[in-house]
Structure formats: C-alpha cells, structure tokens
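Listed below, chain by chain, are the residues.
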Amino acid sequence: MSTSAVVGTESRVLNEGYGPGAWHGADLKAALGDVTAADAFWRPAAGRHNIEEIALHHAYCARAVGAQIVGRSAYTYVLEGEDWFAVDDESTVSWPKIQAVVQSEQERLAALVADIESGKTSSPLAEAERFNLVLGITCHAVYHAGQVQLVKRLKEAE
C-alpha cells in the first residue's frame, strides 16, 4: 500500500483483518497463504471445523456484509447452503478454488467499501451502521485467522 494514497477509515480497517499484513500477526490472507490441500481438509477432531470450512464461512460472511452495505440481496454463492459448509475433501470443491473464492469475496468487499468512501457508490446505511459491519467482518477475519493458525499447529503436532 502506498503511503501517499489516502485510504478511508473503513478500507483501512478491512486491511487489518485480511491483508496486506497486520501489526498483530497473521491476518486471514496470511494465515491461509501457506495452507496445503491436505492441511485444509484435515479435521482436528470429530465435529470440529477444518481450515476449508473456516475459509468458506468467512467468504460467505464477507459476501453477506457487502450485500448489506449496499442494501441488495446477496448473489449466488459457490456452494448451496448457508454460513457453514461441511466439505471433507476436494471432490466437492478444490482448495485452490476455495482460496480464490475467499480472495475474490474479500476483494469485492474492499472495492465496494472504497467506492462508497470515494462517492462512486452509495449505501442506504448510516455511516455508523456501515462502519459497524466493516468492523465486524474485520474482527471475524482476525478471529478466524487465529483459528486457522491453531489448526495448523495442531496438524503439525499430529
């Protein structure tokens, strides 16, 4: 990120949770960056989420926040269902596809927020309500980045 570019508060907040790097440790992009397919589909215990499920869940939520910010219905998601998606192997969706979905959903949200900040797009929400959504999805990303880091450590110890 250029230090000469003016970045809006909401865009800056989004960057803390999902790339290009955060002072507090791994953001979600960094946490997912070195995950292999074998690691993504590894489940730490029966009934526990794997990294793939965490990634799809976050992408789904980022998509939902974007829709709320502009006051529209969310577009069709990569998988049928809502919120959490149980996927045990790559026969349903590949790990590279999941990574691409997370990246594209986060990029769409970031572009939407930047367009609102610049006046190119409008939001039916009050500024405080919109900020709360951006802050919430950022905290969501940071929380799940920590989960991903923990699952990776558990996998290493296996």
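Starting from 1, residues in each chain are numbered consecutively following that chain's sequence as written. Only residues with pLDDT of at least 70 get local features here, since the model is predicted, and only at 80 or more are side-chain atom pairs given and counted; chain-wide, interface and lining totals rely on the full set of residues. Hydrogens and water are ignored here; the side-chain numbers use all heavy atoms of the structure.

### Examining the side chain of Q106
Comment: elements are numbered from the N terminus, with helices defined as DSSP H or I runs of at least four residues and strands as E runs of at least two. Position of Q106 relative to the elements: it lies in helix α5 (residues 95–118). Residue contacts follow a heavy-atom distance rule, with two residues in contact if any of their heavy atoms lie within 4.5 Å. Filtering out sequence-adjacent residues up to four positions away, Q106 remains in contact with L14, Y18, H58 and A62.

### Description of the nonpolar core
Residues grouped as a nonpolar core are buried Ala, Val, Leu, Ile, Met, Phe, Trp, Tyr and Cys residues, joined through side-chain atoms within 4.5 Å. Using a 1.4 Å probe on the protein chains alone, a residue whose accessible area is under 20% of its type maximum counts as buried, one over 50% counts as exposed, and one in between counts as partly exposed. L32, L56, W95, I98 and V148 are the most contacted members of the largest nonpolar core, which has 27 residues in total. Elements represented by at least two residues in this core include exactly α2 (28–33), α4 (51–70), α5 and α6 (127–157). At six residues, α4 tops the list of elements feeding residues into this core. When sequence neighbours within four positions are dropped, the list of residues in contact with L32 reads I51, A55, W95, Q99, V102 and V148. Counting residues in hydrophobic clusters, the runner-up holds 15 residues, among them L14, V113, I116 and I137.

### Structural notes on the packing of aromatic side chains
What counts as a ring pair is set by centres within 6.5 Å for rings of Phe, Tyr and Trp (its six-membered ring), and what kind of pair is set by the plane angle: stacked under 30 degrees, edge-to-face over 60, tilted for all other angles. Scanning the entire structure with this criterion turns up three aromatic pairs. A centroid spacing of 5.3 Å and a plane angle of 90° characterise the contact between Y60 and Y77, whose relative ring orientation is edge-to-face. With Y60 in helix α4 and Y77 in the loop between α4 and α5, the pair connects residues that are 17 residues apart, well separated along the chain. Both residues of the pair, Y60 and Y77, count as buried. Plain terms: the ring middles of Y60 and F85 are 5.6 Å apart, the flat faces sit at 65° to each other, and that makes the pair edge-to-face. Linking Y60 in helix α4 with F85 in the loop between α4 and α5, this pair joins segments that are 25 residues apart in sequence. Classification of Y60 as buried rests on a relative accessible area of 14%. The class of F85 is buried, set by a relative accessible area of 5%. Each residue in the set Y60, Y77 and F85 is aromatic and connected to the rest through ring pairs, giving one cluster. Criterion for a charge above a ring: Lys NZ or Arg CZ within 6 Å of the ring centre, and within 35 degrees of the ring normal. If you follow R63 out to its NZ or CZ, it ends over the ring of Y75, 5.6 Å from the centre.

That is the geometry; function is a separate question.
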